[in-house]
Amino acid sequence: MYQMHGLTIFEAAAIWAVLGVAILGLAYAVFLRSQILREDKGSDKMKEVWGWIKDGADAYLWQQLKSILPLIFVMTVALFFSVYIVPPTPEAVERFSTMGEAQVRLVIGLARAIAFVLGAGFSLTVGQIGMRMAVEANVRVASAARRSFGEALKIAYRAGTITGMLTDGLGLLGGTAIFIALGIAAPDALLGFGFGGTLLALFMRVGGGIFTKAADVGADLVGKVEAGIPEDDPRNPAVIADLVGDNVGDCAGMAADIFESYEVTIVSGLILALALYHITGGMLQWIIFPLIVRGIGVLSSIVSTYTVKGGESGSGEDALNAIFGSFMTSAAISAGLFFVAGFFYLRGSEMAKWGGWWRTPLAVAVGVILAILIDRMTEYFTSTHKSPVQEIKKAANTGPATLILQGISVGYESSVWAVVVIALTIMASIFIFGTIPGLNTAQQATFVLYGVAMTGIGMLTLTGNNVAMDSFGPIADNANGIGEMSWSGQNDKETKAARQIMADLDAVGNTTKAITKGVAIGSAVIAAVSLFASYMIDTSRAQEVLGVPLAEQIQSVGIRVDIPQVFVGMLLGGALPWLFSSFAVQAVSRAAALIVEEARRQFKAGVLEGKVKPDYKKAVSISTTAAQKELVSLALLGILTPIVVGLTLQVEALGGFLAGIIVSGQLLAVYMNNAGGAWDNAKKLIEDEPKNPKENTGKGSERHKASVVGDTVGDPFKDTAGPALNPMIKVVNLVALIVAPVVVKYSGATGGELIGVWVVILVLLAALAWAIMRSKAQAPEVK
C-alpha cells in the first residue's frame, strides 16, 4: 500500500494502526453492551412501561426509514453521474494513472456513490443502535436507582458511551478505509461519505425533533397546566409518546448529528491538506496527521469514559463532576499525545521549511480548548447552579411573560459569547499559521484555513465523551419516567430515595444535553468555515481545469460583498436558517395542538378517574405523522437552494450565500439551544421546591405553571429547530462543494446549454415551491 500512495513504511503502519484503533473502539462498544444487558430490568410493571416505549421507538424509526429511502436512492444516482459533468481532478488522474479518462470517471463516480451510501448507512447505524441501547438501558437505570446512586449513574453513562464509541469507531473506520483505498484521490469520495452522513443526520434531527417536542409540549400543557397532574403520570395519554420522543430525538438524532460533524471536519481537513500537499511539494504529513489525531481521540475516550462512577449515595452535582472529570481526563490525554505524535512524526527538515512541527499539534490542541470553553460556557447559561437559570426562576414570580422574556435575554447573550469564542479560535489559527515566512497571500490563507480545520478535528477528538454525555440525558429522563409510571402510589423510603436519584440524574441530563448541543453547534460552525475554505479551493481548481485565467479565479478575486449578486447571495443565505426554523417550529406547534385535543377527549371519557385506560398509541401516531410529513420537504430546502443560487447568481454569489448561512445559523442555533435549556432547568428548580400553596412554591403552583409555559416554548427551540440547523448548514455547504464545478462550467453557457440550465433552474424552483407548500400545510389527520 505504501508504495502505491507514496507513503513511508512508518506512515503505512500508522494508517493501519488507526484502522485498528477504530475496530478497538467498536469492540469496546460491544463490551459495554454486554455489561448493560446483564443488569436487572426491575418489576413486571417497569418492564411493561419499557415495552411500550420500545415498541413506539422501533415503529417510528422503521417508518422514518421508509420515508427517506427514495431520496437516498435519487441522491446516490445523482452523485454517481456528477463526476461526468466536469473533468476528473488531477489527484484522481494521478492516483489512477494507468487508466483512461472514462475509466477514471467510472471509478470515482462509483467511489463517491458507494461512499455516500456508506456514510448514510453508518449515520443510520449510529442513530438506530445508539437509540436501541438507550432504550435497553433506561429501565435498567430505573431499577438500579432503587439500589444505589452510583450504579444508576454508571449504567446510564456507559449506555451513552456505547453510542459515543459507535460514532468514533464507524467514523474513523469509514474515513480511514476510504483513504487506504483511494490515497490522494480520497477527497472525491469523502465528499460523498460526508454528504451521506450529513443528510441522514438532517433527516433524523428533523424527524426526531418534531416527534419528541410535539409529544413533550402536548403532554406538559394538557397534563401539568390543565389537569394539574405530575410529569409522566400514567393517566396522561401523551406520556409514552413523550418518552419515545426522548429516544428518537435526543439519542438517534444527536448521535447521527455528531457523527456527521465528525466526518465533515475530516473531509474539509483533507481537502485543505491536499492543497498544502501541492504547495509544499508533495508532503503527505498534512494528510496523515489528522487521521492519527482521530485515532488518539478514540483511545483517550476509551480510557476516560470507563472512569465515570459514583458512590452509594450522591447528588446531581456529584454526577456532573464525575462526567466532566471524565471529559477533562480525555482532553488531557489527547492534548499530550497530540504533541508526542507531532514531535516524532512531524519533526524534521521538511517541516522546518514550513514553520516547524509544533504548529499543527497546537492547532489541534486549540480545538480541544474550544470544546472545553463551549462546554463551560453552555453550562453557565443552562445549569441550575448558575445565575442565568436562577434569574429565570425568579422571573416566574410575576408570571409566564416575564419568565419567557428573561429566557430570551439569556439566549441572546449566550449567542454573542459563543461567536466571540469561535472568533478567537479562528484568530488563534491566524496566529499559529499566519506567521510562516515566505508565503504569498493565497498560500498563507490556505495554511490558516487548514489550521481552522485542525481545530475542528481537535474539537471533535472528544466525540466519544460528548455523545456519551448527550445520550446520558434521555436515558436518565426515560428512567425517571418509567419510575414515575411504575411506582405510582408507592411512598416507602426506598421508593422516595430512588425518585430523588432519578430526579437528580434527570436534571444533570438536561445540563449535559445542553452542553453537547453547544459543542455540536460550535463544531458545526468550525466545520462550515472549513468547508467554506474548501469551497474556495475546489472552485479555483475547477476554474483552472476549465481554463479560467488565474487572475479571474475565485481565490485571486475573493468574494466581494460590494458586488450586488454576492450581497444578494449573502442575504438569501442569512434568511434560510430562519425559514427552516419557522417550518420546524410550526410542525411542532400543529402536532402539539392535535395531541392536546386528543388528550382532552380522553380526559372527558374518564381517563383521569380511572373509568377507561389511556390510549397511548394515538399520541404516538400523531407525532409520527407530523414528523414524517416534514422529512423530505425540509431536506430539500438545504439541498436545492444552493444549487438554485449557484446557477442563477454564479459561483461568487454562492460563496456569499454560504457566508450568510454560517453567521446567521450560528447565532440562531445557539440562541435557541441555550434559551430552551435555561427554561427547562428553571422549571426543574421550581419542581424541586417543597410544595406549599400558601407560598406559591413547588409543583402545581402558579409559578410552576409559568415555568411549564416557558419550558414548552423552549422545547422546539432546543430539541427541534436549533439542533437541526447543525446538519442543515453542513448539507448546504457540502452541496455547494459538489456543485461548484458544475456552476463554473455553465457560468458562461449560451444557446442550447443556456436553455438547459434555465430548464433545470425552473424545475428546482418548482420543487422548492412544493417543499415550502408542503411544510406550511396541515399534517394529515390520524384516523
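Keep in mind it's a predicted model, so treat the numbers as computed, not measured.

Participant: Help me understand the overall build of the chain, please; the structure alone is not making it clear to me.
Facilitator: Scanning the chain for helices and strands turns up 22 helices and zero strands. Taken over the C-alpha trace, the chain has a radius of gyration of 26 Å; the compact-globule value for 783 residues is 28 Å, and the two agree within 12%. Oriented by its inertia axes, the alpha-carbon framework of the chain measures out at about 80 × 55 × 45 Å. Relative to its 783 residues, the chain shows a buried fraction of 63%. Across the chain, every contact between residues at least 6 apart in sequence was considered, and the portion connecting residues at least 24 apart equals 85%. In the form shown here, the chain has an accessible surface area of approximately 26700 Å², with 65% of it arising from carbon and sulfur atoms. On the chain, the mean spot of the 58 positive side-chain charges and the mean spot of the 62 negative ones are 4 Å from each other.

Participant: Where do I start with empty space enclosed by the protein in this structure?
Facilitator: One water molecule sets the probe size; rolling that probe over the atoms shows where empty space is left. Scanning the entire structure with this criterion turns up nine cavities of 30 Å³ or more. What the largest cavity holds in volume is close to 440 Å³. Of the residues contributing to the lining of the largest cavity, the split by class is 20 nonpolar, two polar and six charged. Quantified by volume, the second largest cavity comes out at close to 110 Å³. Every residue lining the second largest cavity is counted, 17 residues in all, and those nearest its centre are K213, D216, E231, D477 and D680. Counting residues per element, the ones that place at least two in the lining of the second largest cavity are α7 (186–227), α8 (239–279), α17 (493–545), α20 (616–687) and α21 (702–745). Take the lining of the second largest cavity: its biggest share by element is four residues, from α21.

Participant: Would you explain a nonpolar patch on the surface in this entry?
Facilitator: A contiguous nonpolar surface patch, about 760 Å² in accessible area, is contributed by F73, V74, V77, F81, Y84, L106, L110 and I114. Listed by contribution, the elements that provide at least two residues to the nonpolar patch are α3 (44–82) and α5 (101–144). A total of four residues in the nonpolar patch trace back to one element, the largest contributor, which is α3. With relative accessibility at 48%, the residue F81 sits in the partly exposed group.

Participant: Which parts of the structure should I look at to understand α3?
Facilitator: Owing to its 3.6 residues per turn, the α-helix aligns residues three or four sequence positions apart on the same side. Under the 1.5 Å per step criterion, the end-to-end length of α3 is 55 Å for 39 residues, consistent within 8% with the ideal 57 Å. Taking the largest bend as the criterion, α3 deviates by roughly 35 degrees, centred on I68, and proline P70 comes between one and four positions later.

Participant: Can you help me understand the packing of helix α14 (residues 400–433) against helix α15 (residues 441–459) in this one?
Facilitator: The relative placement of two packed helices comes down to the angle between their axes together with the axis-to-axis distance. Contact geometry for α14 and α15: axes closest at 8 Å, N-to-C directions at 130 degrees. Taken together, the axes of α14 and α15 lie oblique to each other. Here α14 and α15 pass one another in a crossing that is right-handed. Note on element contacts: α15 touches α14 through F447, V448, Y450, G451, V452 and T455, opposite T425, I426, S429, I430 and F433. Classifying every residue of the contact of α14 with α15 gives seven nonpolar, four polar and no charged.

Participant: Looking at this structure, I do not really get the environment of V139. What am I missing?
Facilitator: Among the structural elements, V139 can be located in helix α5. A C-alpha to C-alpha distance of 5.7 Å links V139 and A479, two positions 340 residues apart in sequence. Beyond its immediate stretch of four places on either side in the chain, V139 contacts K41, M46, W50 and I482.

Participant: Before we go on, may I ask you to explain the environment of A777 in this structure?
Facilitator: The residue A777 is located in the segment after α22 (751–776) in this model. Judged by relative accessible area, A777 falls into the partly exposed class, the value being 32%. Not counting chain neighbours up to four residues away, the residues in contact with A777 comprise R590 and K629.

Participant: Is there a simple way to think about helix α9 (residues 285–305) in this case?
Facilitator: Between its terminal C-alpha atoms α9 stretches 30 Å, which fits the 30 Å expected from 21 residues at 1.5 Å a residue. Extensive coverage of α9 is indicated by the burial of 19 of its 21 residues.

Participant: Please explain the packing of aromatic side chains as it appears in this structure.
Facilitator: The geometry of two aromatic rings is summed up by the distance between their centres and the angle between their planes. A complete count under the given rule lists 24 aromatic pairs for this structure. Ring centres of F81 and Y84 lie 6.2 Å apart, and the angle between their planes is 45 degrees; this geometry places the pair in the tilted category. By relative accessible area, which is 36% here, Y84 ends up partly exposed. When the centroid spacing of 4.9 Å and the interplanar angle of 25 degrees are considered together, the rings of Y412 and Y671 count as stacked. One end of the pair, Y412, is in helix α14; the other, Y671, is in helix α20, and 259 residues separate them in sequence.

Participant: Please explain the packing of helix α19 (residues 564–604) against α22 as it appears in this structure.
Facilitator: Direction vectors running N to C along α19 and α22 enclose 30 degrees, while the axes themselves pass 9 Å from each other. The angle between α19 and α22 falls in the class roughly parallel. Mapping the contact onto sequence places L579, F583, Q586 and R590 in α19 and I772, S775 and K776 in α22. Looking at the contact of α19 with α22 residue by residue, the classes come out as three nonpolar, two polar and two charged.

Participant: Hey, could you run me through the nonpolar core in this one?
Facilitator: In globular proteins that are soluble, nonpolar side chains generally tend to be buried together. Core analysis: the biggest nonpolar cluster contains 266 residues, and F195, F203, W286, F433, L505 and Y535 have the highest contact counts within it. Setting aside residues up to four positions removed in sequence, L505 forms contacts with F149, A152, L153, A319, F472 and A476. Residues V222, I229, V596 and F603 belong to the second largest nonpolar core, which totals six residues.

Participant: Sorry, what's going on with unusual backbone geometry here?
Facilitator: Comment: phi is negative for the bulk of residues other than glycine, and the bulk of peptide bonds are trans. A positive phi is found at Q650, a non-glycine position, where the angle reads about 85 degrees. If you trace the backbone, Q650 turns up in helix α20.

Participant: How should I be thinking about the side chain of S664 in this particular structure?
Facilitator: Of note, S664 is situated in helix α20. The class for S664 is buried, based on a relative accessible area of 12%. Within polar-contact distance, the side chain of S664 engages the backbone oxygen of G574 at 2.7 Å. The residues touching S664, leaving out its near neighbours within four places in the chain, are G574, P577 and W578.

Participant: In this structure, what is going on with the confidence of the model for the chain? I would like to understand it.
Facilitator: The predicted structure's coordinates, where accompanied by low pLDDT, should not be read in detail. On average, the chain scores 85 in pLDDT, and the residues at 70 or more come to 97%. Ranking the elements of the chain by mean pLDDT puts helix α1 (residues 2–5) last, at 45, and helix α13 (residues 387–395) first, at 92.

Participant: Hey, could you run me through the side chain of R294 in this one?
Facilitator: When you line up the elements, R294 lands in helix α9. One buried charged residue, R294, forms no salt bridge at all, with the nearest opposite charge on E263 at 5.4 Å. When residues no more than four places from it in sequence are discounted, the contact partners of R294 are L172, Y262, T265, I266, G456, I457 and L460.

Calculation notes
Residues numbered from 1 in each chain as written. Predicted model: local features only at pLDDT ≥ 70, side-chain atom pairs only at ≥ 80, totals over all residues. Heavy atoms only, no water. Helix = DSSP H or I, 4+ residues; strand = E, 2+ residues; numbered from the N terminus. Rg over C-alpha atoms; globule rule 2.2 N^0.38 Å. Buried < 20%, exposed > 50% of the residue type's maximum accessible area, 1.4 Å probe, protein only. Contact = heavy atoms within 4.5 Å. Areas by Shrake-Rupley, 256 points an atom, 1.4 Å probe, with all protein chains shown as cover. Lys, Arg positive; Asp, Glu negative; His and termini not counted. Charge placed at Lys NZ, Arg CZ, Asp CG, Glu CD. 1 Å grid on protein atoms, 1.4 Å probe; cavity = no way out; pocket = protein on both sides within 12 Å on 5 of 7 lines; lining within 4 Å. Points joined across faces, edges and corners; volume = space filled by probe spheres on them. Nonpolar A, V, L, I, M, F, W, Y, C, P; charged D, E, K, R; others polar. Patch = residues over 30% accessible without salt bridge, like charges linked within 9 Å, V, L, I, M, F, W, Y side chains within 5 Å. Salt bridge = Lys/Arg side-chain N within 4 Å of Asp/Glu carboxyl O. Expected span 1.5 Å × (residues − 1). Bend = angle between axes of the 7 residues up to and from the residue. Axes fitted to C-alpha atoms, helices over the stretch in contact; angles between N-to-C directions. Parallel < 35°, antiparallel > 145°, perpendicular 65-115°, else oblique. Left-handed = near helix turned anticlockwise from the far one by under 90°. Phe/Tyr/Trp six-rings, centres within 6.5 Å; stacked < 30°, edge-to-face > 60°. Core = buried A, V, L, I, M, F, W, Y, C linked by side-chain atoms within 4.5 Å. Polar contact = N/O pair within 3.5 Å; in protein donor to acceptor, adjacent residues only side chain to side chain. pLDDT = per-residue confidence, 0-100.

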